[in-house]
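Fold and contact review
Listed here are the chains, written in short residue letters.
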Amino acid sequence: MDYQKILDSIYEEMSYRDVTGKVASYIPELAKIDPKKFGMHLYCGQKQHYGFGDSEENFSVQSITKVFTLAMTMNIMGEDLWKRVDVEPSGNPFNSLTQLEQESGIPRNPFINAGALVISDILVDHLDNPKEDLLNFVRKITRDDDIHYDPTIAASEKSTGYRNIALANYMKALGNIKCDVDPILDFYFHQCSLAMSCKDLAKAFMIFANKGSILETGENVLKPEIVKRINALMQTCGFYDEAGEFSFEVGLPGKSGVGGGIVAIHPENYSVAVWSPILNPKGNSELGMKALERLTTLTGVSVF
Ligand code: DON
């Protein structure tokens, strides 16, 4: 498969001018990003890299990090995690509070904000240095020690993070948050501020395409049965109330973030990341979804 030729034709075909959405602004610092940014990177199982545009520039990966924290938590708790978080699509926006009251404080899945905050609670509870451990995990699977948090983004989200503060307090009241809410939110805001490029994301997510092993070293960091669960959750819940649309258009397990990144995998084949900061009304990268739809259409390969 000539991936570079396919990516080149996607780059030629598409432009930020073709989309109508808006860059995220509820985190003030994210509103400053240049909406014209566009990059894509594919990393295949033969260890080859293909990319275009701004694929090596760092951006705020936001909710994409929920896959990393889920992986760490499953390594700690295994299947006991599902007593605290469910595995169903929510059909609601990522930051919604409404289902929690009817569902006794158990979030629908680990990728909506409520679910990610329960995961933060577990990591803060179990680890002495959760921020450092997350950074080490991401650096290890990306094989890049330069990956870091962006303190300006973390502070910006903290200053306006009223919904997440409400979610954490509400779940504390309902008995599904064990620690104090402040360290949980501090961890969560830092987690979301991780700065990575499309190339970094494609490298990191190769573990989900490679049954939990780092491709270059062969080291296993996640059991294949955990990878199976995480990929299923990316497929069914990775795009919140647009998970059906993403499956329908693209046909790969994936995860988005409000920084405009999307990463997706084709098991035992490749991982791919795309970045365009203009978001559709559901909070997912508008051009990113279109680019991935073209990728699976032009290659004729998806999980379906
Ligand atoms: O908690 C938030 O609202 C953000 N830090 C992350 C949300 C996000 O990335 C949703 N994804 N598309």
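Residues numbered from 1 in each chain as written. Predicted model: local features only at pLDDT ≥ 70, side-chain atom pairs only at ≥ 80, totals over all residues. Heavy atoms only, no water.

Bringing the UniProt feature "binding site: substrate" (unreviewed entry) in the protein chain into the picture now. Within this structure's numbering, the places UniProt gives as "binding site: substrate" (unreviewed entry) are Ser-63, Asn-113, Glu-157, Asn-164, Tyr-188, Tyr-240 and Val-258. Checked against the element boundaries, Ser-63 lands in the loop between strand S4 (59-60) and helix H2 (65-77). Judged by relative accessible area, Ser-63 falls into the buried class, the value being 7%. Sequence-distant contacts of Ser-63, that is, excluding residues within four places in its chain, are made with Asn-113, Tyr-240, Lys-255, Ser-256 and Gly-257. With residues near it in sequence (within four places) discarded, Asn-164 still touches Asn-113, Leu-117, Glu-157, Leu-185, Tyr-188 and Phe-189. (UniProt positions renumbered as here; feature names shortened; annotations may be inferred. Helix = DSSP H or I, 4+ residues; strand = E, 2+ residues; numbered from the N terminus. Buried < 20%, exposed > 50% of the residue type's maximum accessible area, 1.4 Å probe, protein only. Contact = heavy atoms within 4.5 Å.)

This brings us to helix H12 (residues 286-299). Taking 1.5 Å per residue, 14 residues should reach 20 Å; H12 reaches 20 Å between its end C-alpha atoms and fits that length. Taken together, the buried positions of H12 are Glu-286, Leu-287, Gly-288, Met-289, Ala-291, Leu-292, Leu-295, Thr-296 and Thr-299. Those residues of H12 that are buried are in contact with helix H1 (3-13), strand S2 (39-44), helix H11 (243-249), strand S8 (261-266), strand S9 (270-275) and strand S10 (278-279). Capping of H12 at its N-terminal end is provided by Ser-285; its side-chain oxygen lies 3.0 Å from the backbone amide nitrogen of Gly-288. Within two residues after H12, Gly-300 carries a phi angle of roughly 70°, on the positive side. (Expected span 1.5 Å × (residues − 1). Polar contact = N/O pair within 3.5 Å; in protein donor to acceptor, adjacent residues only side chain to side chain.)

Taken across its six residues, S8 has six buried, putting it largely inside the fold. Burial of S8 is two-sided: the residues Gly-261, Val-263 and Ile-265 facing one way and the residues Ile-262, Ala-264 and His-266 facing the other way are all buried. The pairing of strand S7 (residues 254-256) with S8 spans three bridges and is classified as antiparallel. Considered in S8, the bridge of Gly-254 is made with Ala-264. (Pairing = 2+ DSSP bridges.)

A few words now on the site of the ligand. Close to the ligand lie 16 residues; Tyr-26, Gln-62, Ser-63, Glu-157 and Tyr-188 are nearest. Between Glu-157 and the ligand, the recorded distance is 2.7 Å, taken from a side-chain N or O atom to a nitrogen atom. Within the contact set of the ligand, an oxygen atom lies 2.8 Å away from a backbone nitrogen or oxygen of Val-258. Tallied by class, residues from the shell around the ligand come to seven nonpolar, eight polar and one charged. (Near = heavy atom within 4 Å. Nonpolar A, V, L, I, M, F, W, Y, C, P; charged D, E, K, R; others polar.)

It is worth spelling out the pattern of salt bridges at this point. Following the criterion strictly, the structure yields twelve salt bridges and no others. A salt bridge links Glu-57 to Lys-37, with the nearest nitrogen and oxygen atoms 3.0 Å apart. Of this pair, Glu-57 sits in the loop between strand S3 (49-53) and S4 while Lys-37 sits in the loop between strand S1 (22-23) and S2, placing them 20 residues apart in sequence. Looking at Lys-37, the relative accessible area reads 17%, which means it is buried. The partner of Glu-103 in a salt bridge is Arg-108, and the shortest N-O contact between them spans 2.8 Å. (Salt bridge = Lys/Arg side-chain N within 4 Å of Asp/Glu carboxyl O.)

Before going further, it helps to examine the side chain of Thr-142. In this structure, Thr-142 sits in helix H5 (residues 130-142). Looking at Thr-142, the relative accessible area reads 0%, which means it is buried. Beyond its immediate chain neighbours, meaning those up to four positions away, Thr-142 contacts Ile-147, Met-196, Asp-200, Lys-203 and Ala-204.

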